Amino acid sequence: MAKITASVYTSHVPAIGAALDHGKSGEPYWQPMFQGYEFSKQWMKDNKPDVIFLVYNDHATAFSLEMIPTFAIGCAEQFQPADEGYGPRPVPVVKGHPELASHIAQSVIQQDFDLTIVNKMDVDHGLTVPLSLMCGQPAEWPCPVIPFAVNVVQYPVPSGRRCYNLGKAIRNAIESYDEPLNVQIWGTGGMSHQLQGPRAGLINREWDNVFLDRLIADPDGLASVPHIDYVREAGSEGIELVMWLIARGAMSDQTPTVKHRFYHVPASNTAVGHLILENN
Amino acid sequence: MSLEKPYLDVPGTTIFDAEQSHRGYHLNQFCMSLMKAANRERFKSNERAYLDEWPMTEAQKQGVLARDLNRCISLGGNIYFLAKIGATDGKSFQQMAGSMTGMTEDEYRNMMIGGGRSVEGNRVLGEDGDAQPQHQPQGAAGRAKKNAQLNKAV
């Protein structure tokens, strides 16, 4: 049977992708941020999964206001890096895993989460920046990726509790897949940031670090935090952090092993947080 | 029964909910059109003519022409959509975010390098933090406004 071996959490700031794509990662501004992922790139080489289930949000790229799915699972053979207005990022095409994705869709919908099945979509920086941070700049991504897009753009977005429970349903789905695949689940976005209005630039280092502590040790309690707390304390775009609860909910009930923890301010407008948790 | 909207008292912040989304539908869809290189070229060659192809309000069009992102947001725009205008102009997300504060690009960048804007005084309307309405605009624009008021008083 397939199993989830580890979860990875990371911010997905577009400027990080731009810094890599334009050869600026060694500059003094960026060097300390990329330094925090050196361990992670080696860990990825040493713990290469068969499939990555990657939870992210689309930033008005694949989904305009014509259709706004709360949870969308990518079941296609492949996904092209999107042109977000600056031209597409020069990164490899993302190969999907249609068989496992379809299995998860069937199982999770039967567990009462109404997923939208997407057979054609481009993927934006929300998905490709985490891959770049964890894998560097390879000619091909190391394994297939199942994109899982969550609406965190138009309110109301799903609650932390619903995300956490959805993660548990995804765990059941993966564990019921016959092929013995090694699956990682990644939760991306955040941490504190606000990109709009006179309050733009908000960062809350203390709140972010409590979030990391609780994600590790008290995810069930963390899942009860209401949206308004994210907005007030971590900025209007800090709400992306609910997506980390999907990945955490997919982990086993045993306390995970913390392989890596990193926090850095700033990357452009955003606090960068990063965790690698291994299942026990 | 009224809807629950506990986010209306966060200073300097507009939550993009269903009501805002409806208000800004055509504005945001215009922004989406700029994801195609050919449309970016057409927009740049004649902004007004391109905007007139969209059933946006005149106020929304003026907000776009002035690159006044705060105004666009108040009229239903969402930052992830509006960012396509910035991308067309070759602006970074940091330049776009900073433009909504009144700070110069350097002032905003330095605030971020210094650890970002503090949440203290900026959680609820009525406190005294730098994002509160009584302290707008911030930075250079705010100083210019104060000087102008002082000169007027003299």
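Notes on the structure follow. (Residues numbered from 1 in each chain as written. Chains lettered and ligands numbered in written order. Predicted model: local features only at pLDDT ≥ 70, side-chain atom pairs only at ≥ 80, totals over all residues. Heavy atoms only, no water.)

1. Some remarks on the overall build of chain B
Piece 1. Tallying secondary structure elements over chain B gives 10 helices and 0 strands in all.
Piece 2. Scanning chain B from its N terminus toward the C terminus, one meets helices and strands in the order α-α-α-α-α-α-α-α-α-α.
Piece 3. Here the C-alpha coordinates of chain B stretch approximately 45 × 45 × 35 Å along the principal axes.
Piece 4. Sorting the 154 residues of chain B into buried and exposed places 45% on the buried side.
Piece 5. Within chain B, contacts between residues separated by at least 24 positions form 47% of all contacts whose residues are at least 6 apart in sequence.
Piece 6. Here chain B displays about 7900 Å² of accessible surface, and carbon together with sulfur accounts for 54% of that area. (Helix = DSSP H or I, 4+ residues; strand = E, 2+ residues; numbered from the N terminus. Buried < 20%, exposed > 50% of the residue type's maximum accessible area, 1.4 Å probe, protein only. Contact = heavy atoms within 4.5 Å. Areas by Shrake-Rupley, 256 points an atom, 1.4 Å probe, with all protein chains shown as cover.)

2. Regarding the layout of surface pockets
Piece 1. There is about 1100 Å³ of room inside the largest pocket.
Piece 2. Taken together, 44 residues form the lining of the largest pocket, with Ala18(A), Tyr86(A), Lys91(B), Ser92(B) and Phe93(B) sitting closest to its centre.
Piece 3. Elements supplying a minimum of two residues to the lining of the largest pocket: helix 1 (14–21) of chain A together with helix 7 (79–88), helix 8 (93–99) and helix 9 (105–113) of chain B.
Piece 4. Counted by class, the lining of the largest pocket contains 19 nonpolar, 14 polar and 11 charged residues. (1 Å grid on protein atoms, 1.4 Å probe; cavity = no way out; pocket = protein on both sides within 12 Å on 5 of 7 lines; lining within 4 Å. Points joined across faces, edges and corners; volume = space filled by probe spheres on them. Nonpolar A, V, L, I, M, F, W, Y, C, P; charged D, E, K, R; others polar.)

3. Thoughts on helix 7 of chain B
Working note: α-helix, 3.6 residues per turn, so residues spaced by three or four point in the same direction.
Residues and elements named next belong to chain B.
Piece 1. In terms of burial, helix 7 is largely enclosed, as 10 of its 10 residues are buried.
Piece 2. Every buried residue of helix 7 is listed here: Ile79, Tyr80, Phe81, Leu82, Ala83, Lys84, Ile85, Gly86, Ala87 and Thr88.
Piece 3. Between a side-chain oxygen at the N-terminus of helix 7 and the backbone nitrogen of Tyr80 the separation is 2.8 Å; the capping residue is Asn78.
Piece 4. Looking one or two residues past helix 7, Gly90 carries a phi angle of roughly 75 degrees, positive in sign. (Polar contact = N/O pair within 3.5 Å; in protein donor to acceptor, adjacent residues only side chain to side chain.)

4. Notes on the sheet that holds strand 9 (residues 257–267) of chain A
Within a sheet, adjacent strands bond to each other through the backbone by hydrogen bonds, running parallel or antiparallel.
All names here are of chain A.
Piece 1. One open sheet holds the 8 strands; their spatial order is 6-3-7-2-8-1-10-9, and the pairing between them is mixed. Strands with a single pairing partner mark the edges of an open sheet, and in this sheet they are strand 6 (116–118) and strand 9. With strand direction ignored, the average angle separating the axes of adjacent strands in the sheet is 20 degrees.
Piece 2. Direction of pairing for strand 1 (residues 3–10) relative to strand 10 (residues 270–278): antiparallel, over a ladder of 5 bridges. Bridged to Thr10 within strand 10 is His274.
Piece 3. Here helix 5 (residues 125–135) sits on the sheet in contact with strand 1, strand 2 (51–56), strand 7 (145–150), strand 8 (182–188) and strand 10, set at roughly 130 degrees to strand 2.
Piece 4. Its contacts with the sheet place helix 7 (residues 205–217) against strand 1, strand 9 and strand 10, and it is angled at close to 165 degrees to strand 9. (Pairing = 2+ DSSP bridges. Axes fitted to C-alpha atoms, helices over the stretch in contact; angles between N-to-C directions.)

5. Observations concerning the side chain of His227(A)
Piece 1. Position of His227(A) among the secondary structure elements: in helix 9 (residues 227–234).
Piece 2. In this structure His227(A) touches Val157(A), Pro158(A), Ser159(A) and Ile239(A), once residues within four positions along its chain are discounted.

6. Observations concerning the nonpolar core
All names here are of chain A.
Piece 1. Ranked by internal contacts, the top residues of the largest apolar core, which has 71 residues, are Phe53, Ile73 and Phe148.
Piece 2. Once residues within four sequence positions are removed from consideration, Phe148 is found in contact with Phe53, Leu54, Val55, Tyr56, Phe71, Ala72, Ile73, Leu115, Leu166, Ile170 and Ile246.
Piece 3. Formed by 40 residues, the second largest nonpolar core is a distinct cluster that contains Ile16, Trp43, Met134 and Cys143. (Core = buried A, V, L, I, M, F, W, Y, C linked by side-chain atoms within 4.5 Å.)

7. Focus: helix 4 (residues 98–110) of chain A
All names here are of chain A.
Piece 1. If you check helix 4, its first and last C-alpha atoms are 18 Å apart, about what 13 residues at 1.5 Å a residue would give, namely 18 Å.
Piece 2. Looking only at helix 4, the buried set comprises Pro98, Leu100, Ala101, Ile104, Ala105, Ser107 and Val108.
Piece 3. As for helix 4, its buried residues are in contact with strand 2, strand 3 (71–74), strand 6, strand 7, helix 6 (160–175) and strand 8.
Piece 4. Looking one or two places after helix 4, you find Asp112, whose phi comes out positive at around 80 degrees. (Expected span 1.5 Å × (residues − 1).)

8. Let's talk about unusual backbone geometry
Piece 1. For the bond from Tyr155(A) to Pro156(A), the omega torsion is -5 degrees, close enough to zero to count as cis.
Piece 2. Take Pro156(A): it is sitting in the loop between strand 7 and helix 6.
Piece 3. Of note, the bond from Gly190(A) into Met191(A) is cis; its omega dihedral lies within 30 degrees of zero at -5 degrees.
Piece 4. Mapped onto the secondary structure, Met191(A) falls in the loop between strand 8 and helix 7.
Piece 5. Unlike most non-glycine residues, Asp112(A) shows phi in positive territory, near 80 degrees.
Piece 6. If you trace the backbone, Asp112(A) turns up in the loop between helix 4 and strand 6.
Piece 7. Taking relative accessible area as the criterion, Asp112(A) reaches 62% and is therefore assigned exposed.
Piece 8. Phi angles above zero are rare outside glycine, and Arg67(B) is one such case at about 55 degrees.
Piece 9. For Arg67(B), the position within the fold is in the loop between helix 5 (58–65) and helix 6 (69–74).

9. Describing empty space enclosed by the protein
Piece 1. Tallied over the entire structure, the rule returns 3 cavities of 30 Å³ or more.
Piece 2. Estimated volume of the largest cavity: approximately 170 Å³.
Piece 3. Val153(A), Gln196(A), Glu237(A), Phe16(B) and Asn78(B) are, among the 18 residues lining the largest cavity, the residues nearest its centre.
Piece 4. Class assignment for the residues of the lining of the largest cavity results in 9 nonpolar, 7 polar and 2 charged.

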